[in-house]
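Structure assessment
Each chain is listed here by its residues.
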Amino acid sequence: MGYGIGTRLVEDFLARSCVGRCHSYSEITDIIAQVAFKMYLGITPSVTCNNSSRNEFSLILDKNPLVEFVEELPAGRSSLCYCNLLCGIIRGALEMVHLAADVTFLQDRLKGDSVTEIGITFLKKPEEKKYRRKK
Amino acid sequence: MAIFSVYVVNKAGGLIYQLDSYAPRAEAEKTFSYPLDLLLKLHDERVLVAFGQRDGIRVGHAVLAINGVDVNGKYTADGKEVLEYLGNPANYPVSIRFGRPRLTSNEKLMLASMFHSLFAIGSQLSPEQGSSGIEMLETDTFKLHCFQTLTGIKFVVLADPRQAGIDSLLRKIYEIYSDFALKNPFYSLEMPIRVSTGSPLYLKWRKSLRPHPLSSFVPPGPGLGVSCLTRI
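Keep in mind that this is a model prediction, so the values were computed, not measured.

**Description of the overall build of chain A**
The helix and strand tally for chain A stands at three helices and four strands. Traced from its N-terminal end to its C-terminal end, chain A shows the element sequence α-α-β-β-α-β-β. Every one of the 135 residues in chain A was classed for burial, and the buried ones make up 41%. In chain A, the share of contacts with a sequence separation of at least 24, taken over all contacts with a separation of at least 6, comes to 55%. Approximately 7300 Å² of chain A is accessible, and the part contributed by carbon and sulfur atoms is 52%.

What follows is the structure in structure tokens.
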């Protein structure tokens, strides 16, 4: 579901914000955090870099509007990733600009962790296509 | 009319939306008597003027209507062949309307794909890496502006050479595309866009094509030619 949203959301995002091409993964993650999240959810997660090879990043959300009215996960659903939608959106959006990425929840406040953390792992370099038009 | 056409091309090079909003400016209707002093020939399913240019009728113009009735390619509305009809002295005097032939939907599809390929070639020819591709193509009668989004969709606008502000128009069209096509749950990505002429977003689109409020009336034409070709 999130993937479907992401593939379309990215065009809307690119149309409304005037970001140009990004030249590095950290730049991409920064833009996702500072511009996109702000535009659509009104929050600005902070970005940390996990991996020294600069392929893995985390977004730490201190406030998640999607779970504003959720106190705890329903009984019997304790393994539910409530906000997996967000991961799908990020994954779909990156795929539309030809960047394969793995997006997962590393920590989830609903499951008892202190913060909500989304991890983005870029899988491989953007392919060297015949005409490099986007990153 | 300052904006002549809008084309939207998807990532694979297929035309997904097309809108024409120009009236053919060169049209001439004349009454002729036998024998016809123009040389007509059949080309590409149309009857074209090969020789005998006069009075606004130029070489390359096609027969658009005979006696006020539009012709259907090389056949008249009754199903008779145009050349045969015009070769028969009994049908004269006859009034024929000549004009620049309009592109058919299939021709537009083909031309859009060709432009997509040329765009790719243009990017490769660039001496610098990371070229944006063809942004503008200028001729003496029109200027073609192209905007490629980071996701690979191209918006192409053909406009009057003197028309300014096309860049912002292209951005606006991108916004309207993302509003209308992408937020429509029944629209599949990369597929031809079907637009109903009465929908408020279509009207908004047409309004954004008219930068000057006093420009001539643009009829809500069947610019959905492409969507008519493929039923979703």
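More follows now that the structure is in view.
**Brief notes about unusual backbone geometry**
Not every positive phi belongs to a glycine, and His 98 of chain A is a case in point at roughly 65°. Relative to the assigned elements, His 98 of chain A resides in the loop between α3 (84-96) and β3 (101-107). Judged by relative accessible area, His 98 of chain A falls into the partly exposed class, the value being 22%. Of note in this structure, Asn 67 of chain B is not a glycine but carries a positive phi near 55°. Within the secondary structure, Asn 67 of chain B sits in the loop between β6 (62-66) and β7 (69-70).

**With respect to the sheet that holds strand β2 (residues 15-20) of chain B**
Residue and element names in this part refer to chain B. With respect to topology, five strands assemble into an open sheet ordered β2-β1-β11-β10-β9, the strand pairing being antiparallel. Only two strands of the sheet have a single partner each, and these edge strands are β2 and β9 (136-138). Within this sheet the neighbouring strands show an average axis-to-axis angle of 10°, counted without direction. Looking at chain direction, strand β10 (residues 143-148) and strand β11 (residues 154-159) are connected through six bridges and run antiparallel. Along β11, the bridge assignment pairs Phe 147 with Phe 155. Helix-sheet contacts for helix α2 (residues 105-125) involve β1 (3-9), β2, β10 and β11, and the interaxial angle to β2 is about 115°. Of the strands in this sheet, β1, β2, β10 and β11 are in contact with helix α3 (residues 166-180), which crosses β11 at around 135°.

**Here's the deal with the confidence of the model for chain A**
All names here are of chain A. Residue-level pLDDT values for chain A average 75, and 81% of them are 70 or greater. When the elements of chain A are averaged for pLDDT, strand β1 (residues 46-49) gives the smallest value, 79, and α3 the largest, 84. Low pLDDT, under 50, characterises residues 128-135; the stretch is placed with 27 contacts to residues that sit more than four places away or in other chains.

**Remarks on the pattern of salt bridges**
Side-chain pairs of opposite charge can arise whenever the charged atoms involved come near each other. This model, assessed by the stated rule, comprises eight salt bridges over all chains. Among the salt bridges present, the one from Arg 16 of chain A reaches Glu 175 of chain B, with a minimum N-O distance of 3.5 Å. One end of the pair, Arg 16 of chain A, is in helix α1 (residues 2-16); the other, Glu 175 of chain B, is in helix α3, on a second chain. On the basis of relative accessibility, which here comes to 24%, the residue Glu 175 of chain B falls in the partly exposed class. Between Arg 16 of chain A and Asp 179 of chain B there is a salt bridge, with the nearest N and O atoms lying 2.5 Å from each other. Placement of the pair is Arg 16 of chain A in helix α1 and Asp 179 of chain B in helix α3, with the two residues belonging to separate chains. Note on Arg 16 of chain A: relative accessible area 32%, which makes it partly exposed. Beyond isolated ion pairs, a larger network of salt bridges with shared partners links Asp 12 and Arg 16 of chain A together with Glu 175 and Asp 179 of chain B.

**With respect to the environment of Ile 153 of chain B**
With respect to the helices and strands, the residue Ile 153 of chain B is situated in the loop between β10 and β11. Looking at Ile 153 of chain B, the relative accessible area reads 1%, which means it is buried. Linking Ile 153 of chain B and Arg 54 of chain B, residues 99 residues apart in sequence, is a C-alpha distance of 44 Å. Sequence-distant contacts of Ile 153 of chain B, defined by excluding residues within four places in its chain, comprise Glu 11 of chain A together with Val 8, Val 9, Asn 10, Phe 147, Gln 148, Tyr 177 and Glu 190 of chain B.

**Describing the packing of α1 of chain A against helix α2 (residues 25-40) of chain A**
Residue and element names in this part refer to chain A. Across the interface, α1 lies against α2 with an axial gap of 11 Å and an inter-helix angle of 95°. With respect to each other, α1 and α2 are oriented roughly perpendicular. Along the contact surface, α1 presents Leu 9, Asp 12, Phe 13 and Arg 16, while α2 presents Ile 31, Val 35, Ala 36, Met 39 and Tyr 40. When its residues are assigned to classes, the contact of α1 with α2 shows seven nonpolar, no polar and two charged.

**Let's talk about the interface of chain B and chain A**
If you look at the interface, chain B gives 27 residues, while chain A gives 19 residues. A buried area of about 2000 Å², summed over both sides, lies between chain B and chain A, and 53% of it is on carbon and sulfur atoms. Of all residues in chain B, the largest losses of buried area upon contact with chain A belong to Leu 150, Thr 151 and Leu 182 of chain B, amounting jointly to 31% of the total for that side. Connecting chain B to chain A are two salt bridges. The tally of links from chain B across to chain A stands at five residue pairs in polar contact (both at pLDDT 80 or more). Of all elements in the fold, only α2 and α3 of chain B reach the threshold of two or more residues within the side of chain B that touches chain A. In terms of residue count, the dominant contributor to the side of chain B that touches chain A is α3 of chain B (five residues). Split into classes, the residues belonging to the side of chain B that touches chain A amount to nine nonpolar, 14 polar and four charged.

Reading the values: the criteria
Residues numbered from 1 in each chain as written. Chains lettered and ligands numbered in written order. Predicted model: local features only at pLDDT ≥ 70, side-chain atom pairs only at ≥ 80, totals over all residues. Heavy atoms only, no water. Helix = DSSP H or I, 4+ residues; strand = E, 2+ residues; numbered from the N terminus. Buried < 20%, exposed > 50% of the residue type's maximum accessible area, 1.4 Å probe, protein only. Contact = heavy atoms within 4.5 Å. Areas by Shrake-Rupley, 256 points an atom, 1.4 Å probe, with all protein chains shown as cover. Pairing = 2+ DSSP bridges. Axes fitted to C-alpha atoms, helices over the stretch in contact; angles between N-to-C directions. pLDDT = per-residue confidence, 0-100. Salt bridge = Lys/Arg side-chain N within 4 Å of Asp/Glu carboxyl O. Parallel < 35°, antiparallel > 145°, perpendicular 65-115°, else oblique. Nonpolar A, V, L, I, M, F, W, Y, C, P; charged D, E, K, R; others polar. Buried area = accessible area lost by both parts, 1.4 Å probe. Polar contact = N/O pair within 3.5 Å; in protein donor to acceptor, adjacent residues only side chain to side chain.

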